[in-house]
Amino acid sequence: MFGRRKRSHSDLAEELRAHLALETDRLREAGMTEEEAQAAARRNVGNKTRIQERFYEAHRWLWLDDLIRDVSYGLRQLRRNPGFTAVAVVTLALGIGANTGIFSLLDSVLLKTLPVKDPQGLVTIRLPDPHGGYNGISYPTFEYFRNHNRVLSGIFASSIPEHLDVSINGHAELVSGQVVSGGYYSTLGVNAIIGRTITPHDDTPGAPPVAMISHEYWRQRFGASPAVIGKSIEINGAAFTIVGVTPPGFFGLMTGFLPDVTASINMQPLLMGDGSLPNDKSTWAVEMVGGRLKHDVTLEEARADLGLLFSQTLQSAQQRKELRIEVLPGSRGLSVLRDRFAPPLIILMTVVGLVLLIACANVANLLLARATVRHKEIAMRLALGASRTRLVRQLLTESVLLATMGAGLGFVFAAWITHVLLSIISSAGLPISIRAGIDSRVLTFTAWVALATGVLFGLVPAIRATRVNLTPDLNAGRGMAGGRRGKPGLGRALVVSQIAGSLLLMVGVGLFVRTLWDLQEVDPGFNAEHVLLFTVEPHLVGYKGARLANLYKEMLESIQGLPGVRSVSASRFAPFTPAGPNATISMSSHAPLPDENRTVQESFVGPNFFQAMGMPLLLGRGFSLQNAESGPRVAVINQTAALRYFGKGSPAGVRFNLSQQEGPIQVVGVVKDAKYHSLREPRTAMIFLPLLQFSPDAQRVTFEVRTAVSPQSVATVVRHRIEAIDRNLAMMDVKSLPEQIDQSLMPARMIATLSSLFALLALVLACVGLYGVMSYSVTRRTHEIGLRLALGAEKRDVLRLVVGQGAFLTLTGAGMGVLGALGLTRFLSSLLYGVKPTDPLTFIAASLILMAVGLLACYVPARRATKVDPMVALRYE
Amino acid sequence: MITRKDKNSAALLQGTLDMLILRTLVFGSNHGQGIARAIEQQSENVLLVDHGALYPALDRLETKGLITAEWGTSSNNRKARFYTLTAKGRMHLLKEAGQWHKVAAAISRVLGPQQVEG
């Protein structure tokens, strides 16, 4: 290596001198004269310097040596030109930092596998509801899986983390928590860092309530003190003992959730408030079952085995037909986030990639300009024998150095972006905690990006710079040679592509922002203000058949009487959740045309539904308590249904039939159209049927309470009233209707905000790039401008000259950008709402803004051009 | 002279040069120029030593502990760096030389008797 320098440079030099002297002696003694001997000796021995070089080459890792030399030379160069270095580094920091920030988020939401032992062997088991969403798996079913499966080496049940009330030493706070069965930690292969984990022993009935806490919570709340083991905390009013702390970085199975507290599943009825009875496990349902495949078992085999076991637990053939469990690979964990956020994040990644390219173009231009300044130095080095490759390598090293410094500074920008992103996400009210910090994966990604960026923007300028005609460049002064070389073609091409890229981004932003505005302006068709929503699942506490209907009636009457409540109703499917069942409509008065779409949606709603939701009735009336089982079968239809199926006349009183529902149904009212499942949905024909008549034994019902004051304040009163009816009945999913709607808007908001930020960044970069090119061009043409002025040109002619050039570049760039955008925006159409991908208004606005920016960039160089003094310019060579 | 282009033969010649250097040092310590001269003379000027390759070879041998070096004075009062064979070097030489002879003999057998040159 290069360290083994036992012999110093001078030592070898001296030995070679001695060698030469001895050789000269020998030749002299052989009969030559002194000069002849010396000359002959030098010929024999050869090039002394070459020998020394070979000597050292034999010892070292030449490439490492060169690299170190290049780096130190590069650093010296950069330090000598602080202005250039600063601009380049900041530009790169913005570009690379943006990429780092988005990537760290993308990684933790989409890509990372779970921080558990061997995540590849994990599977998750869930029960999809035929109508969308997921149902819980009953605890007895889980136990059946546990006792009878042949494909899993470990199995556990857990709930999805939600908010719990925790009290420590009398201090109460809201934390995120879940319950797990005894096999959880052993299946995942996770050990407690202090204390012990929850084990199957804690599942036995009567075992004392225990809980584990997360590492983060341990640090924050207990100061990482070992005394936390054995401490008692209260969760939702019950006393638990803390038995262990999980390792740092472990968050369980759900990406994006970090439960602070994990309790044993025995306490599920108490903690989860889902209506299960403490002493009757058959009323318990777990939200997720997970397991680890045995070594030689494939996913398919597991599916078959577990599917069979599941069907054995079902009572009726009907259920066996409809219900199927889902067994999925669990290595990346379960993520509700992934589906929601994957598209926006991927779009954002593309956007920042584009921004980085634009930044690279800027720095490349800077380097090209620098190359003209350094051409003498490079010519000298080439003349002294450096190979072109060697020089290109050295220039590339400088570029990579710049990129590395940019990446380092970029972390600051990345941290800010991540912060903005996370605050948008968390404003949606989900208990998400995405750990999007800087970990080794992110660092590796950034390092690669920095390397690639450095090579990308540095390669062409490096090759250009070394393409040098030695003689003219060494001889000539600054003037003609400096003017003629370095054709501006490449620089201009770069700026044009930057402008094109910026236009593309701005069109994208325009489309996203308008989508967000339009979504926010959508009239949902109902009055969302002051509506409280909550859901109950009485079947979990043993209600069946007629008791359900009575319960619902009692709840409706009772809540109606509460102070602050203006109206209350119920529905089988909550507003803004996935769609309910479809049915086919048929009417005696109207033979169906072929090809006519006779599909409508059904919704089962209680009395006063339309008042509670604020949906205006256009005709007739809504439902009342009279519309129960015994009365005539009635329905309320919406406008779309009326127009589509009931012809021109008034639909009131018309009878129709629905598949799968009994007897002819009579229309008693028409209600204005509304959005039922999402703000984006198209017009739907909806038939509202009285809940108590058509679906009185609905197992899960959502109540809508219109309040006079804020929904939150009424929630507590409602809760007490429900407890008075049945202490075991729990309120679930309590939120206000505006919150529900807002949550659905969050991804759109995220894209709009961030892409605006990045488009602005790109615009600034392009502006700077254009300014640089124009400035350089003016400098180069100073002589020519002076000549023109001297020959009689007016200042405004010069202005026109410069601005004309700038305008040309901008227009070309804009034109290319428009073409590109027309071709590419179609890929966004699934994300857009209310705007076409080729919306002319957006395109025009973006182009105008770009032109304005272009003119701005030209302004200073143009003014500088007009200030040229012809006398000075003419002498300026 | 071994030029840089002869990189293929360089590997073989490297080892051979080492061996020849060790051989010349059997007769006593010598300095760089002396070693080069000795090889040329002994081979009746068939082998010409590349002085550029000589010094890296000497350094290699020194690193491996096969020779030691010291500054001294030459016969005509010039300061020079003298190299001495070590015991380890001696044994290495015996082994390598033996190997070389074996290989050379085998090659000769394959090539057959030398044609009479014109």
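Residues numbered from 1 in each chain as written. Chains lettered and ligands numbered in written order. Predicted model: local features only at pLDDT ≥ 70, side-chain atom pairs only at ≥ 80, totals over all residues. Heavy atoms only, no water.

Visitor: Is there a simple way to explain the overall build of chain A in this structure?
Guide: Helix and strand content of chain A: 28 helices and 25 strands. For chain A, the residues scored as buried account for 51% of the 877 residues in total. By sequence separation, contacts in chain A at least 24 residues apart represent 81% of the contacts at least 6 residues apart. Total accessible area on chain A is roughly 39900 Å²; 59% of this is exposed by carbon and sulfur atoms. (Helix = DSSP H or I, 4+ residues; strand = E, 2+ residues; numbered from the N terminus. Buried < 20%, exposed > 50% of the residue type's maximum accessible area, 1.4 Å probe, protein only. Contact = heavy atoms within 4.5 Å. Areas by Shrake-Rupley, 256 points an atom, 1.4 Å probe, with all protein chains shown as cover.)

Visitor: Can you walk me through the pairing of strand 2 (residues 67–73) of chain B in this structure?
Guide: Looking along a regular strand, one sees the side chains alternate between the two faces of the sheet. Residues and elements named next belong to chain B. Examined bridge by bridge, strand 2 and strand 3 (residues 79–85) share seven bridges and lie antiparallel to one another. What sits directly across from A69, in strand 3, is Y83. What sits between strand 2 and strand 3 in their antiparallel hairpin is a turn of five residues, with N77 showing a positive phi close to 60°. (Pairing = 2+ DSSP bridges.)

Visitor: I tried to follow the side chain of T707 of chain A on my own but got confused; where do I start?
Guide: Residues and elements named next belong to chain A. By the secondary structure assignment, T707 is in strand 24 (residues 701–707). A polar contact of 2.5 Å, which involves the side chain of T707, links it to the backbone oxygen of V709. Filtering out sequence-adjacent residues up to four positions away, T707 remains in contact with H530, G564, V565, R566 and V714. (Polar contact = N/O pair within 3.5 Å; in protein donor to acceptor, adjacent residues only side chain to side chain.)

Visitor: Looking at this structure, how should I read the pattern of salt bridges?
Guide: One side chain can pair with another of opposite charge once the charged atoms of both are near each other. All told, the structure shown has 29 salt bridges over all chains when counted by the stated rule. In this structure, R81 of chain B engages E15 of chain A in a salt bridge whose closest nitrogen and oxygen atoms are separated by 3.9 Å. Within this pair, whereas R81 of chain B is found in strand 3, its partner E15 of chain A is found in helix 1 (residues 9–29), the two belonging to separate chains. A relative accessible area of 2% means that E15 of chain A is categorised as buried. For R800 of chain A, the salt bridge is made with D797 of chain A, and the minimal N-O distance between the two is 2.7 Å. Placement of the pair is R800 of chain A and D797 of chain A together in helix 26 (residues 795–824), with a separation of three residues, close to one helical turn. (Salt bridge = Lys/Arg side-chain N within 4 Å of Asp/Glu carboxyl O.)

Visitor: Just checking my understanding: could you explain the nonpolar core for this structure?
Guide: In summary, soluble globular proteins display a tendency toward joint burial of nonpolar side chains. Residues and elements named next belong to chain A. Counting 100 residues, the largest nonpolar core has F526, M615, F688 and F758 as the members making the most contacts within it. Ranked by residues supplied to this core, first place goes to helix 24 (residues 737–780) with 20 residues. Contact partners of F758, with chain neighbours within four places excluded, come to A98, I102, L348, V351, V352, V355, I417 and L505. The next biggest cluster of nonpolar side chains, apart from the first, holds 46 residues, and it includes V536, V568, A642 and L658. (Core = buried A, V, L, I, M, F, W, Y, C linked by side-chain atoms within 4.5 Å.)

Visitor: Mind showing me how you'd approach the packing of aromatic side chains here?
Guide: Two aromatic rings, taken as a pair, are described by how far apart their centres are and by the angle between their planes. Taken as a whole and judged by the stated rule, the model has 17 aromatic pairs over all chains. Look at Y139 of chain A and F142 of chain A: their rings are 5.5 Å apart centre to centre, the planes differ by 55°, and that puts the pair in the tilted class. You can see Y139 of chain A and its partner F142 of chain A sitting in helix 6 (residues 139–148), three residues apart, about one turn around the helix. Judged on exposure class, the residue Y139 of chain A and its partner F142 of chain A are both buried. Ring centres 6.0 Å apart and planes at 20° place the aromatic pair F413 of chain A and W416 of chain A in the stacked group. Placement of both F413 of chain A and W416 of chain A in helix 14 (residues 388–426) is noted, with a separation of three residues, approximately one turn of the helix. Through a chain of ring-to-ring contacts, the aromatic side chains of F609, F610, F623, Y676 and F688 of chain A assemble into a single cluster. One Lys or Arg, R370 of chain A, reaches over the ring of F84 of chain A and ends 4.8 Å from the middle of that ring. Of note, K79 of chain B hangs over the ring of W71 of chain B, and the distance from its end group to the ring centre comes to 4.8 Å. (Phe/Tyr/Trp six-rings, centres within 6.5 Å; stacked < 30°, edge-to-face > 60°. Lys NZ or Arg CZ within 6 Å of the ring centre and 35° of its normal.)

Visitor: Please explain helix 23 (residues 711–725) of chain A as it appears in this structure.
Guide: Helical geometry: 3.6 residues make up each α-helical turn, so side chains three or four residues apart lie on a common side. Residue and element names in this part refer to chain A. Taking 1.5 Å per residue as the helical rise, helix 23 with its 15 residues ought to reach 21 Å, and the 21 Å between its terminal C-alpha atoms agrees with that figure. All buried positions along helix 23 are accounted for by P711, V714, A715, V718 and I722. Within helix 23, the buried residues cover an arc of 115° as seen down the axis, which keeps them to one side. Every exposed residue of helix 23 that faces more than 90 degrees away from the buried side is listed here: H720 and A724. Where the residues of helix 23 are buried, they touch strand 15 (531–536), helix 19 (546–560), strand 16 (565–571), strand 24 and strand 25 (732–736). (Expected span 1.5 Å × (residues − 1). Arc of directions from axis to C-beta.)

Visitor: Mind showing me how you'd approach the interface of chain A and chain B here?
Guide: Interface size is often expressed as the accessible area that is lost when the parts come together. With 24 residues of chain A at the interface, the matching set in chain B holds 23 residues. Together chain A and chain B conceal approximately 2100 Å² of surface at their shared face, both sides included; 52% is due to carbon and sulfur atoms. Linking chain A to chain B there are four salt bridges. Between R81 of chain B and D11 of chain A there is a salt bridge, with the nearest N and O atoms lying 3.8 Å from each other. For the pair chain A and chain B, the interface holds seven residue pairs in polar contact (both at pLDDT 80 or more). Secondary-structure elements contributing two or more residues to the side of chain A that touches chain B are helix 1, helix 2 (34–45) and helix 3 (48–59) of chain A. Per-class residue counts for the side of chain A that touches chain B are nine nonpolar, three polar and twelve charged. (Buried area = accessible area lost by both parts, 1.4 Å probe. Nonpolar A, V, L, I, M, F, W, Y, C, P; charged D, E, K, R; others polar.)

Visitor: It is not clear to me how the environment of S777 of chain A should be interpreted in this structure. Could you clarify?
Guide: Residue and element names in this part refer to chain A. Mapping S777 onto the fold places it in helix 24. Residue classification places S777 among the buried positions, given a relative accessible area of 6%. C-alpha separation for the pair S777 and R492, spaced 285 residues apart in sequence, amounts to 9.8 Å.

Visitor: What should I look at first to understand the pairing of strand 17 (residues 582–586) of chain A in this one?
Guide: Residue and element names in this part refer to chain A. Of the two faces of strand 17, the one holding A583 and I585 is buried and the one holding N582, T584 and S586 is not buried anywhere. Sheet analysis places strand 17 next to strand 18 (residues 599–605), joined by three bridges and oriented antiparallel. Across the sheet, N582 pairs through a bridge with Q601, a residue of strand 18. Two strands pair when backbone bridges link them, and strand 17 and strand 21 (residues 655–658) are joined in this way by two bridges, in the antiparallel orientation. Directly across from I585, in strand 21, lies its bridge partner L658.

Visitor: What is the right way to look at a nonpolar patch on the surface in this model?
Guide: Taken together, the side chains of W448, L451, V455, L459, V460 and I463 of chain A make up a nonpolar region of the molecular surface, amounting to roughly 510 Å² of accessible area. Judged by relative accessible area, which is 34%, I463 of chain A ranks as partly exposed. (Patch = residues over 30% accessible without salt bridge, like charges linked within 9 Å, V, L, I, M, F, W, Y side chains within 5 Å.)

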